[in-house]
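An overview of the molecular structure
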Amino acid sequence: MLASYTTRGLVLTEHEIAVPLDHARPDGETITVFAREVADPEGRDRPLLVYLQGGPGSEAPRPTRLPSSPGWLDRALTEFRVLMLDQRGTGRSTPIGVLPGMTATEQAEYLANFRADAIVRDAEHLRRALGVERWSVLGQSFGGLCVMTYLSIAPEGLREAFVTGGLAPIGPRIDDVYRATYPRTLERCRRYYERYPADRERVRALRGRLESDDVRLPSGDRLTPRRLRQLGNLLGMSTGAEDLHYILELPVDSPAFRHDVEAALAFARNPLYAVLQEACWADGGSTRWAAERLLPAAYQDEPELFVGEHVYPWMFEEYGALAPLREVADLLAGREWPRLYDPDRLAANEVPVAAAIYAEDMYVERAFSEETASLIRGLRPWLTNEYEHNALRADGERVLGRLIDLARGRA
């Protein structure tokens, strides 16, 4: 324990441990993993719920109360203490930016240690360090992929598991992921322009301006047409269409427009996301820039269409913060990744699991999630069209409560 604090309505306890960079080499280099324990003042002896954040490359939320954040925290604290884990490479857990003093090959080897399997083994080190026999886990999006990995390699550490928008296909099916998510994104574009028809011409005109003029963002990066297209990543959230429209309605030359565009494309803050986004889906095999290879022809025919959660090799040229990782990203795209999931262990699972599957999820394809749910013994799925991918954030008390009831056989 590093320190403990009492804030308005919360008791916060900080934990920090050293773990191997490469868990296959326990006597080798170590990194630091940080976690913040969050408790209600009246619930300091409750069991632990570990929160696995979406991403990859994002730290756990920083909790507050009055108002409560994240939105599911109050519901969780009625039954648990919550352990907000900063996944390796994020927040206070040996954060990753540029890796000076290493060759590109050395950097790629280093970053290969930052996928879900390593995050789960870090969690197990922390569980043992805290003297916890078993704990519960909640995984949002990429955090759900971490839960699947946990069930595959260390189920003995789990009391129960909850997943929101994070059941991935099992096996080396990276191309299938992008073949499915592009049509979802194109459908969101169609709906967006139905709601805001004038924005179609506005985006066309804006693209023309960006092709001819050197429009600079606050970072100094040039705003290009293909970078503008990435604003479509907003469209999979419950307020995404409005968030996108409110950016596009701003005058292009205004500070607000340029700041808001850059804030919506925050790869500079969490470069690990761009480097490992495709790799986090790779349950074996190599990714080979899947999003780039499988880009539909519709994007050539209608340049005003937006893309979604897709990472491209050109980003490591146009984003100044990513440029030092260009060669590293290429090496990782060609890497043969080991398996993350154990189909036999999942088929024999004994951990109570409940998962929310969003019927029109733009980022995690429903069909694959339903398929995977059927392959994890005892998993109780909740298929719903009431929510988008950010349901845990948008209506956390109901979503988490429903999953707890499902896992415990009360619903």
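Residues numbered from 1 in each chain as written. Predicted model: local features only at pLDDT ≥ 70, side-chain atom pairs only at ≥ 80, totals over all residues. Heavy atoms only, no water.

Moving on, we come to the overall build of the chain. Counting its regular elements, the chain contains 18 helices and nine strands. Taking 411 residues into account, the globule formula puts the C-alpha radius of gyration at 22 Å, and the chain, at 21 Å, falls close to it. Taking the principal axes of its C-alpha atoms as reference, the chain extends roughly 60 × 50 × 45 Å. Going through the 411 residues of the chain one by one, you find that 58% of them count as buried. As displayed, the chain has an accessible area near 16,500 Å², and 48% of this comes from carbon and sulfur atoms. Treating the 50 positive side-chain charges of the chain as one cloud and the 62 negative ones as another, the clouds have centres 2 Å apart. (Helix = DSSP H or I, 4+ residues; strand = E, 2+ residues; numbered from the N terminus. Rg over C-alpha atoms; globule rule 2.2 N^0.38 Å. Buried < 20%, exposed > 50% of the residue type's maximum accessible area, 1.4 Å probe, protein only. Areas by Shrake-Rupley, 256 points an atom, 1.4 Å probe, with all protein chains shown as cover. Lys, Arg positive; Asp, Glu negative; His and termini not counted. Charge placed at Lys NZ, Arg CZ, Asp CG, Glu CD.)

Moving on: the sheet that holds strand β1 (residues 3-7). Ordered in space as β1-β2-β3-β5-β4-β6-β7-β8-β9, the nine strands form an open sheet in which the pairing is mixed. Both outer strands of the open sheet, β1 and β9 (380-384), are each paired with one neighbouring strand and no more. On average, each strand axis in the sheet is tilted by 20° relative to the strand beside it, whichever way the strands run. Taken together, the five bridges between β1 and strand β2 (residues 10-20) define a ladder with antiparallel strand orientation. Note that in β2 the partner of Thr7 across the bridge is Leu10. Across the sheet, helix α4 (residues 142-153) touches β4 (48-52), β6 (135-140), β7 (158-164) and β8 (353-358), and the angle it forms with β6 is around 140°. Across the sheet, helix α16 (residues 366-375) lies against β8 and β9, angled at about 160° from β8, the strand it touches most. (Pairing = 2+ DSSP bridges. Axes fitted to C-alpha atoms, helices over the stretch in contact; angles between N-to-C directions. Contact = heavy atoms within 4.5 Å.)

One way to put it is that helix α2 (residues 104-111) packs onto helix α14 (residues 326-333) with a least axis distance of 9 Å and a crossing angle of 55°. In terms of their interaxial angle, α2 and α14 are classed as oblique. Seen along the crossing, α2 lies across α14 with a hand that is right-handed. Between α2 and α14, the contacting residues are Ala104, Thr105, Gln107, Ala108 and Leu111 on the first element and Glu327, Val328, Leu331 and Leu332 on the second. In terms of residue class, the contact of α2 with α14 is built from six nonpolar, two polar and one charged. (Parallel < 35°, antiparallel > 145°, perpendicular 65-115°, else oblique. Left-handed = near helix turned anticlockwise from the far one by under 90°. Nonpolar A, V, L, I, M, F, W, Y, C, P; charged D, E, K, R; others polar.)

What follows is about α16. Within α16, burial applies to Phe368, Ser369, Thr372 and Ala373. An end-on view of α16 places all buried positions within 140° of arc, on one side of the element. With a side-chain oxygen positioned 3.1 Å from the backbone nitrogen of Ala367, the residue opening α16 is Glu365. (Arc of directions from axis to C-beta. Polar contact = N/O pair within 3.5 Å; in protein donor to acceptor, adjacent residues only side chain to side chain.)

The subject of this paragraph is the packing of aromatic side chains. Tallied over the full model, the rule gives 12 aromatic pairs. The interplanar angle of 50° and the centroid separation of 5.4 Å between the aromatic rings of Tyr192 and Tyr196 together place this pair among those described as tilted. By the burial criterion, Tyr192 is buried, and Tyr196 matches it. Judged by centre distance (6.2 Å) and plane angle (20°), the ring pair of Tyr193 and Phe306 falls under stacked. You can see Tyr193 sitting in helix α5 (residues 174-195) and its partner Phe306 sitting in the loop between α12 (298-301) and α13 (315-318), a full 113 residues away along the chain. (Phe/Tyr/Trp six-rings, centres within 6.5 Å; stacked < 30°, edge-to-face > 60°.)

So, on to empty space enclosed by the protein. The tally for this structure, following the rule as stated, stands at four cavities of 30 Å³ or more. A volume near 80 Å³ is recorded for the largest cavity. Lining the largest cavity are Ala274, Val275, Gln277, Glu278, Ala279, Thr287, Trp289, Val311, Ala329, Leu332, Ala333 and Trp337. If you tally residues by element for the lining of the largest cavity, the top one is α14, at three residues. A class-by-class count of the residues in the lining of the largest cavity yields nine nonpolar, two polar and one charged. (1 Å grid on protein atoms, 1.4 Å probe; cavity = no way out; pocket = protein on both sides within 12 Å on 5 of 7 lines; lining within 4 Å. Points joined across faces, edges and corners; volume = space filled by probe spheres on them.)

Side chains of residues three or four places apart in an α-helix project in the same direction, reflecting 3.6 residues per turn. Taking 1.5 Å per residue as the helical rise, helix α3 (residues 116-129) with its 14 residues ought to reach 20 Å, and the 20 Å between its terminal C-alpha atoms agrees with that figure. When we look at burial in α3, the residues that qualify are Ala116, Asp117, Ala118, Ile119, Val120, Asp122, Ala123, Glu124, Leu126 and Arg127. Structurally, α3 contributes buried residues whose contacts are with β2, β3 (30-39), β4, β5 (81-86), β6 and α4. (Expected span 1.5 Å × (residues − 1).)

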